[in-house]
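# Examining the three-dimensional arrangement
Next come the chains, spelled out residue by residue.
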Amino acid sequence: MVEAVLGEGVLGRASGRGLVTLGVHDLRDYTHDRHRTVDDVPYGGGPGMVLKAEPFGQACQAIERAHGVPAAVVLMSPQGKRFDHAEAVRLSRLHHVVLLCGRYEGVDERVREQLVTDEISIGDYVLNGGELPAAVVVEAVARLLPGVVGDAESVSQDSFARGLLDYPDYTRPASWRGHDVPDVLLSGHHGEIRAWRTRQSVRRTRERRPDLLRHAALDDQERAALDELEDE
Ligand code: J9Q
C-alpha cells in the first residue's frame, strides 16, 4: 500500500530522479518464526494485539547497517504530536528519517523507549495502522526538498507555509451557470488583484481557521486586511 502511494506522481518522479530515497520495509521480513509473527497478546490482558518490539528492533538495526544512524526515528501513532507544516519543515532538514508504522491496538512501549525519537499523529480519527499517515508525512516532507516540486515559488507561497488559507481561485470560463468571476481578477490591475487576494486569504482564515491567525506572522498588508475586518 505504501509502495503504491510513494511510487506515484510527484514522489514517484522525485525518487526516480534521485532527489529523495524512499525505502519501504515489511515488519514481517524481520521476524524469525515460521508464521512471521509481528504481534502478541497484551501483558495484563485486554482486547486486541500488541506489535512486538523485536521486529522493530531488527528492522531498525538492518536500516542502520545499510544507511547509517538516522537523524530521527518517528513512530506514527494516535498518541503523537499533531503533524503540521512546521514539523514537515523540521523533518525535511534531516538527512535520514525512519518512520515506524504503529497499529491501532498498540505497540510495545519499549519500542518508544528504546528506538523512537519522535511520535507523530496526522489527526484525531481511527485508522487501522500508521501506513497511510506515514505516506502523508513522506509526501509533505519530500515536497519541501529542492527540485521535488517544479516551482520553488509555489512551495514558499503555499497556504500553510504562509500561515494563512489560500484565496479563492478561478479559471475559465468567466461566467459559469450564471456565476461570474470577480471583476477585479479580469481587470489586469495587478496591485488591486494582490490586495483582493490578501483580503480574501485573511477573511477565510478568520472565518474558518481562527486558530491559524493566532500564530501567523502577518506582513503589513495582511495585518491591515485583518484590522479592516475587525472594524466590520
Ligand atoms: C497508527 N490512527 O492516526 C493519525 N495519525 C496517526 C494515526 C494512527 C492510527 C492508528 C495507528 C497511527
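Definitions and limits used
Residues numbered from 1 in each chain as written. Predicted model: local features only at pLDDT ≥ 70, side-chain atom pairs only at ≥ 80, totals over all residues. Heavy atoms only, no water. Near = heavy atom within 4 Å. Polar contact = N/O pair within 3.5 Å; in protein donor to acceptor, adjacent residues only side chain to side chain. Helix = DSSP H or I, 4+ residues; strand = E, 2+ residues; numbered from the N terminus. Nonpolar A, V, L, I, M, F, W, Y, C, P; charged D, E, K, R; others polar. Pairing = 2+ DSSP bridges. Axes fitted to C-alpha atoms, helices over the stretch in contact; angles between N-to-C directions. Contact = heavy atoms within 4.5 Å. Buried < 20%, exposed > 50% of the residue type's maximum accessible area, 1.4 Å probe, protein only. Disulfide = S-S within 2.5 Å. Right-handed = clockwise from strand over helix to strand, strands pointing away. Domains from an automatic or database assignment. Parallel < 35°, antiparallel > 145°, perpendicular 65-115°, else oblique. Left-handed = near helix turned anticlockwise from the far one by under 90°. Core = buried A, V, L, I, M, F, W, Y, C linked by side-chain atoms within 4.5 Å.

On to the site of the ligand, then. In the region of the ligand, 14 residues are neighbours, and Ser121, Ile122, Gly123, Leu127 and Gly130 sit closest. A distance of 3.4 Å separates a nitrogen atom of the ligand from a polar atom in the side chain of Ser121. Here a nitrogen atom of the ligand sits 3.3 Å away from a polar atom, N or O, in the main chain of Leu127. The leading source of residues in the shell around the ligand is strand β3 (residues 72-82), at 3 residues. Broken down by class, the residue content of the shell around the ligand amounts to 7 nonpolar, 6 polar and 1 charged.

Before going further, it helps to spend a moment on the sheet that holds strand β5 (residues 118-121). Ordered by their spatial adjacency, 3 strands build an open sheet running β4-β3-β5, and the pairing between neighbours is parallel. Each edge of the open sheet carries a strand with a single partner, namely β4 (97-101) and β5. The average undirected angle you get between the axes of adjacent strands in this sheet is 45°. Of the strand pairs in this sheet, β3 and β5 are connected by 5 bridges, and their pairing is parallel. Each bridged residue has a counterpart across the sheet, and for Arg82 the counterpart in β5 is Ser121. Relative to β4, helix α6 (residues 131-142) is tilted by about 155°, and along the sheet it contacts β3, β4 and β5.

Turning our eyes to something else, we now look at the environment of Glu139. By the element assignment, Glu139 lies in helix α6. Classification of Glu139 by relative accessible area gives partly exposed; the value is 42%. Separated by 51 residues in sequence, Glu139 and Ala88 have C-alpha atoms that sit 9.3 Å apart.

Tallying each qualifying case throughout the model produces 0 disulfides. Of the cysteine sulfurs around Cys60, a residue in no disulfide, the closest is that of Cys101, at 11 Å.

Burial of β4 is one-sided: the residues Val98 and Leu100 facing one way are buried, the residues Val97, Leu99 and Cys101 facing the other way are not. The parallel pair β3 and β4 is bridged by helix α4 (residues 85-92), and the resulting crossover is right-handed.

Let us look at the domain arrangement of the chain. Split by domain assignment, the chain resolves into domain 1 (2-142) and domain 2 (162-231). Domain 1 and domain 2 are separated by 38 Å when their C-alpha centres are compared.

Right, let's get into the environment of Asp118. As for its position among the elements, Asp118 is in strand β5. Dropping the residues within four chain positions of it, Asp118 is found in contact with Ala72, Val73, Val74, Leu75 and Arg90.

As a further point, take the packing of helix α10 (residues 190-208) against helix α12 (residues 220-231). Packing of α10 against α12 brings their axes to within 9 Å, and their N-to-C directions diverge by 60°. Relative to α12, the element α10 lies oblique. Relative to α12, α10 is oriented so that their crossing is right-handed. Between α10 and α12, the residues in contact are Thr198, Arg199, Val202, Arg203 and Arg206 and Gln221, Glu222, Ala225, Leu226, Glu228, Leu229 and Glu230, respectively. Residues belonging to the contact of α10 with α12 are distributed by class as follows: 4 nonpolar, 2 polar and 6 charged.

The next thing to look at is the nonpolar core. Of all hydrophobic cores here, the largest spans 15 residues; its most connected members are Phe56, Leu100, Val107 and Val111. Of all the secondary structure elements, the ones that give two or more residues to this core are α3 (53-67), β3 and β4. When residues no more than four places from it in sequence are discounted, the contact partners of Phe56 are Leu27, Leu51, Leu100, Cys101, Val107, Val111 and Leu115. Core analysis: the next-biggest nonpolar cluster, separate from the first, contains 10 residues, Val74, Phe83, Ala88 and Leu91 among them.

Packing of α4 against α6 leaves a shortest axis separation of 8 Å and a crossing angle of 70°. Here α6 runs roughly perpendicular to α4, going by the angle between their axes. Across from Ala88, Leu91 and Ser92 in α4, the residues of α6 making contact are Val137, Ala140 and Val141. Split into classes, the residues belonging to the contact of α4 with α6 amount to 5 nonpolar, 1 polar and no charged.

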